[in-house]
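Listed below, chain by chain, are the residues.
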Amino acid sequence: MEEEIDNRKINNSFLRDHNYATEADIISTVEFNSTGELLATGDKGGRVVVFQREQESKNQPHRRGEYNVYSTFQSHEPEFDYLKSLEIEEKINKIRWLPQQNAAYFLLSTNDKTVKLWKISERDKRPEGYNLKDEDGRIRDPSTITSLRVPVLRPMDLMVEATPRRVFSNGHTYHINSISVNSDYETYMSTDDLRINLWHLEITNRSFNIVDIKPANMEELTEVITAAEFHPHQCNTFVYSSSKGSIRLCDMRAAALCDNHSKFFEEPEDPSNRSFFSEIISSISDVKFSHSGRYLMTRDYLTVKVWDLNMESKPLETYQVHDYLRSKLCSLYENDCIFDKFECVWNGSDSVIMTGSYNNFFRMFDRNTKRDVTLEASRENSKPRAILKPRKVCVGGKRRKDEISVDSLDFSKKILHTTWHPSENIIAVAATNNLYIFQDKVN
Amino acid sequence: MRGRAGNSVEAEMAGAEGEDSLYPIAVLIDELRNEDVQLRLNSIKKLSTIALALGVERTRTELIPFLTDTIYDEDEVLLALAEQLGNFTMLVGGPEYVHCLLPPLESLATVEETVVRDKAVESLRKISQEHSPVDLEVHFEPLVKRLASGDWFTSRTSACGLFSVCYPRVSNTVKAEIRQHFRTLCSDETPMVRRAAASKLGEFAKVLELDYVKSDIIPLFTALASDEQDSVRLLAVEACVSIATLLPQEDLETLVMSTLRQAAEDKSWRVRYMVADKFSELQKAVGPEITKNDLVPAFQNLLKDCEAEVRAAAANKVKEFCENLPEDSRETLIMSHVLPCVKELVSDTNQHVKSALASVIMGLSTILGKDNTVEHLLPLFLVQLKDECPEVRLNIISNLDCVNEVIGIRQLSQSLLPAIVELAEDAKWRVRLAIIEYMPLLAGQLGVEFFDEKLNSLCMAWLVDHVYAIREAATCNLMKLVEKFGAEWAQNTIVPKVLGMSNDPNYLHRMTTLFCIKALSEACGQEITTKHMLPVVLKMSNDQVANVRFNVAKCLQKIGPVIDSNALQAEVKPVLEKLATDQDMDVKYFAQEAISGIFSLPLFRVFLLDFTFTLNFVPMMSRNEYRF
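This is a predicted model, so every value here is computed, not measured.

## What about the overall build of chain B?
Secondary structure summary: chain B contains 34 helices and zero strands in total. A compact globule built from 628 residues would reach a C-alpha radius of gyration of about 25 Å, whereas chain B, at 34 Å, exceeds it by more than 25%. Of all 628 residues assigned to chain B, the portion counted as buried reaches 54%. In chain B, of all internal contacts separated by at least 6 residues, the share reaching a separation of at least 24 is 67%. Total accessible area on chain B stands at roughly 28500 Å², and carbon and sulfur atoms take up 53% of it. Computed over 64 positive and 89 negative side-chain charges, the inter-centroid distance for chain B is 3 Å.

## Focus on the overall build of chain A
Looking only at helices and strands, one finds two helices and 31 strands in chain A. Along the first, second and third principal axes, the C-alpha set of chain A runs to 95 × 55 × 40 Å. The proportion of buried residues among the 443 residues of chain A is 53%. Counted over contacts in chain A with a minimum sequence separation of 6, partners at least 24 positions apart contribute 54%. Per element, the accessible surface of chain A, about 20400 Å² overall, is 47% carbon and sulfur. Across chain A, the centroid of the 59 positively charged side chains sits 4 Å from that of the 67 negatively charged ones.

## What about the interface of chain A and chain B?
At the junction of the two partners, chain A supplies 43 residues and chain B supplies 43 residues. Summing both sides of the interface, chain A and chain B together bury roughly 3900 Å²; the carbon and sulfur share of this comes to 54%. For chain A, the biggest contributors to the area lost against chain B are Leu-148, Val-150 and Arg-253 of chain A; these three give 19% of the whole. Taken together, the links from chain A to chain B amount to seven salt bridges. Elements with a contribution of two residues or more to the side of chain A that touches chain B: β9 (115–128) and β10 (152–168) of chain A. Considered class by class, the residues forming the side of chain A that touches chain B number 18 nonpolar, eleven polar and 14 charged.

## Remarks on the nonpolar core
Residues Phe-140, Ile-243, Val-318, Ile-361, Leu-478 and Leu-556 of chain B are the most contacted members of the largest nonpolar core, which totals 230 residues. Sorting elements by how many residues they give to this core places helix α30 (residues 507–540) of chain B first, with 13 residues. Ignoring anything within four residues of it in the chain, the contact list for Val-318 of chain B reads Phe-299, Leu-303, Val-338, Val-342, Leu-357, Val-360 and Leu-364 of chain B. One finds Tyr-324, Leu-332, Ile-338 and Phe-411 of chain A within the second-largest nonpolar core, a separate group that totals 19 residues.

## Regarding the pattern of salt bridges
All names here are of chain B. One pass over the full model with this rule turns up 60 salt bridges over all chains. When the shortest N-O distance is used, the salt bridge between Glu-177 and Lys-145 registers 2.3 Å. Of this pair, Glu-177 sits in helix α11 (residues 172–186) while Lys-145 is found in helix α8 (residues 133–148), placing the two residues 32 residues apart along the sequence. The class of Lys-145 is partly exposed, set by a relative accessible area of 25%.

## Observations concerning the sheet that holds strand β3 (residues 47–53) of chain A
Residue and element names in this part refer to chain A. Taken together, the four strands give an open sheet; going across it, the order is β1-β2-β3-β4, and neighbouring strands pair in antiparallel fashion. Each of the sheet's edge strands pairs with one partner strand only, and the pair in question is β1 (27–32) and β4 (67–74). With direction set aside, neighbouring strand axes in the sheet form an average angle of 20°. As defined by bridge partners, strand β2 (residues 38–43) adjoins β3 across five bridges and the pair is classed as antiparallel. By the bridge assignment for β3, Leu-39 is matched with Phe-51.

## Quick word on the packing of helix α25 (residues 410–424) of chain B against helix α27 (residues 448–462) of chain B
Residues and elements named next belong to chain B. Running from N to C, α25 and α27 point in directions that differ by 15°, and their axes come no closer than 11 Å. Classified by the angle their axes make, α25 and α27 are roughly parallel. α27 is crossed by α25, and the crossing has left-handed handedness. Taking contact as the criterion, the partners of Arg-410, Ser-413, Leu-417, Ile-420, Val-421 and Ala-424 in α25 are, on α27, Phe-450, Lys-454, Leu-455, Leu-458 and Trp-462. In the contact of α25 with α27, the residues fall into eight nonpolar, one polar and two charged.

## Re the environment of Gly-42 of chain A
All names here are of chain A. Here Gly-42 lies in strand β2. Along the sequence, Gly-42 and Glu-31 sit eleven residues apart, while their C-alpha atoms lie 8.9 Å from each other. Setting aside residues no more than four positions away along its own chain, Gly-42 makes contact with Ile-26, Ile-27, Ser-28, Thr-29, Arg-47, Val-48, Ile-92 and Ile-95.

## Details of the side chain of Asp-251 of chain B
All names here are of chain B. Locating Asp-251 in the fold gives a position in helix α15 (residues 249–264). Look at Asp-251 and you get buried, because its relative accessible area is 16%. Each residue touching Asp-251, except ones within four places of it in the same chain, is listed here: Lys-214 and Val-256.

## Side note on the sheet that holds strand β29 (residues 417–420) of chain A
Residues and elements named next belong to chain A. Pairing within the open sheet is antiparallel, and its three strands lie in the order β29-β30-β31. Sheet topology places β29 and β31 (434–439) at the edges, where each strand pairs with a single neighbour. Looking at each pair of strands side by side, their axes are set apart by 15° on average, direction ignored. Pairing of strand β30 (residues 426–431) with β31, which is carried by six bridges, proceeds in the antiparallel orientation. What sits directly across from Ala-431, in β31, is Asn-434.

## Looking at unusual backbone geometry
Residues and elements named next belong to chain A. Positive phi outside glycine occurs at Asp-350, with the angle close to 65°. Among the structural elements, Asp-350 can be located in the loop between β23 (344–346) and β24 (352–356). Classification of Asp-350 as buried rests on a relative accessible area of 8%. Its identity as a non-glycine residue notwithstanding, Thr-432 has a phi of 40°, on the positive side. Along the chain, Thr-432 turns up in the loop between β30 and β31. Among the residues examined, Thr-432 registers a relative accessible area of 29% and is labelled partly exposed.

Calculation criteria
Residues numbered from 1 in each chain as written. Chains lettered and ligands numbered in written order. Predicted model: local features only at pLDDT ≥ 70, side-chain atom pairs only at ≥ 80, totals over all residues. Heavy atoms only, no water. Helix = DSSP H or I, 4+ residues; strand = E, 2+ residues; numbered from the N terminus. Rg over C-alpha atoms; globule rule 2.2 N^0.38 Å. Buried < 20%, exposed > 50% of the residue type's maximum accessible area, 1.4 Å probe, protein only. Contact = heavy atoms within 4.5 Å. Areas by Shrake-Rupley, 256 points an atom, 1.4 Å probe, with all protein chains shown as cover. Lys, Arg positive; Asp, Glu negative; His and termini not counted. Charge placed at Lys NZ, Arg CZ, Asp CG, Glu CD. Buried area = accessible area lost by both parts, 1.4 Å probe. Salt bridge = Lys/Arg side-chain N within 4 Å of Asp/Glu carboxyl O. Nonpolar A, V, L, I, M, F, W, Y, C, P; charged D, E, K, R; others polar. Core = buried A, V, L, I, M, F, W, Y, C linked by side-chain atoms within 4.5 Å. Pairing = 2+ DSSP bridges. Axes fitted to C-alpha atoms, helices over the stretch in contact; angles between N-to-C directions. Parallel < 35°, antiparallel > 145°, perpendicular 65-115°, else oblique. Left-handed = near helix turned anticlockwise from the far one by under 90°.

Any link to function would need more than the numbers given here.
Laid out in structure tokens, this is it:
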């Protein structure tokens, strides 16, 4: 696949075209399914919106690639834990699609405490004909019934239904940050700050704890789990990342409890760079296996790193996402931005990686050519079918035309969640309450 | 079924009294699509009534097509539908037309819910037997092929369960096709389908000709047993049992054993766990020679496995494995190979392993006989009786009967006692509850003297436990002890203590007296109850706590039948009448209940007599019901 990341044409759709955005509209996760035909977003209001790719049609070939709303449903509601006097937010933390098993689609969505399995299915037939009612719904006099009618199914307008199939609750004391489906298609894991649980997709009343890092005394707590993921092919392997910047790889074959890791990835700290913020910015906010299963990608506050599973001592590649912020860590600490959890994604062939930044900027790094680009997801700067212009942030010195100075970056506009189509160059970028979908130039 | 086949009830009824009989069925049909799931479910469960009313013709042409498209419904409705369709052959016109049930079952076999799919497959298997050989090839086998090559893995998983039912009844060409389809599914790209194929491998092997088992099944088995997915490999272990049973002894070594050895040493603990869990079956399937040479070392390894789950599963099988060893070398094998591992497990670091072992280890004594038991097993029992984990001790105590038969319990009693006492006082009430339940058994084995001397006081102490469940179990325990040791023993040992508690300052303990009396009266008999217990109960009717008073009423009602009738009239009745005017609502209520319970019985009998008298004279049934 040719990676012309500098010259991509845009083909964007805007969601929720409001002039104002409420807190509930902020998109909190975005995820393509395994074919890329569907794209799901979750928001802080507990809603899930699923988009479907427009089918190719002869008269409008360019419309192929546009995504339209397919189904919208309320996945989670706000709850209150009366035992602990805690409010449980409805915010969708993660969505993961299941491999397709029949004509319906299935996804897992989770908030802080409860994972739900949703089925999204189509219905295009409707039964007609009653015995006790006539067509208008009026009750017929029972004495006039002289023969039985069996209802007949008639075609109707396509209806898409979302039904909750399973609710996996009471498995977590702390907040769930990740869910990941195993390659065996029958289990998945859910991860909170201190524990990882393994569930069977068909069993909701039992889960197995496979990792527990909770110390006997909570005052000794120095590290939390920030993300976890299963290997794409090896059913027994998973990784989890920590707030201390390390990644542990566990083998479920070795033992039922995976408290002991089999591999430990960590980069030795450079003493010259040590500062008050070192520990905070080294915390890993996301970890992803490459599609091939050979590499791992991790995101910390300032960088994205690619690790080879066979080399634990240091990362294979390190990419600076926004190194110009290094001098502004103090103010980023004061406005809490330093704790933002940026995610990262691979493209379909593992050759390009993408992650977000501030000011509605997002970054792409081509691993082969070592080129990188900063793009902006904003309504003002991008017209449908126009090409996205690379953006530059000027670091000290004189600001050239088209450059934006570090001081004028808007830190309230952050791109935390992005996703890449599994086989094509189509990306979806969530910028607060807007979803942008960009497509590689079409011919 | 009434009427001639093909003739609908509807036609018959329309002429006569149509509205009566059509209406309920019209309701049932309409409720097939009611918004309330419960009503839909109800209708589906009465599907046979609907079909009967429609007649076979309309069932085939209207009802079945409608049902085929009803797969949008809730799981429970679909499950009921799948089940119903398995018994529908007569309702569509008999075996001749059974194939028209295939479309709805086919669509049910592709839904995502496993229970529904499994039920659909079960029904399909059932109706496959009702297909004629021709229909099987014309209608059923194509359905299996369609499912097997379906786009979605739900349909392919369902296909796996259908091969074995059609294989024996089709021509050789079709047989070859079926084998080919099964082969394809065994190497399907999705683990779901490979799991389904692996789990049906044994069943399919059973219907295959032996040559094909060797040429087709064995390669598939070997491939599945080395699948990259742990969940597939572990199912191959199960298949191993059936396959090994089918093969002649001389082929086992070359065809199965290397795969089995590999599974017992698999990298994944889940696969080894499966081997441990299926060990007895495997042992029976491969026969005594291979067991001696291969399985004994494999079992030793499983008992020493690094994963506790595996050790626990293997420990669970220790007794069964030893029992099934060939008789000529059983003792030597156990003593030299199994027992050393068992000795290590007794002090395992994991309590599940120890408690699994404790639940079977006593069974070894019958296999090894008296001398070996005293010399080798007894020390292990004693260690386990002192184990820090209560579950281990409990498991030993609950299996004492096997040892009792071989060496008598006296050998153990010195260590048994401290163990029991400690469990009896365990901080966890569930542990205390468990040991109480073994008391009657222990009492029987240890004998009355030992019991009186050492355990009686424990049983009494439980009566004043601060957990209600324990006090309740303790009263029940007393009853069983009295049944065992007799009324006289009760009168001398426990009744005085129980009655003594009626003066306890704690009202909960006073109530325990009442509960005990309720439980014991029957076993103690009329004399003790009337002479010793009744006065105490009656005296307690003046208790200042209402809960005690209404329990007096309940107690009196219960022991009423045991008390002699003079005392009942002279002593019990006045007390109950007084309680019936109590100021407390509940006391009043239970007193009245007791009065009507004890004293209205004879009246009721008279009434019954009268009733039967009238029955002979008044015509009870209306004419309508004689309508045929």
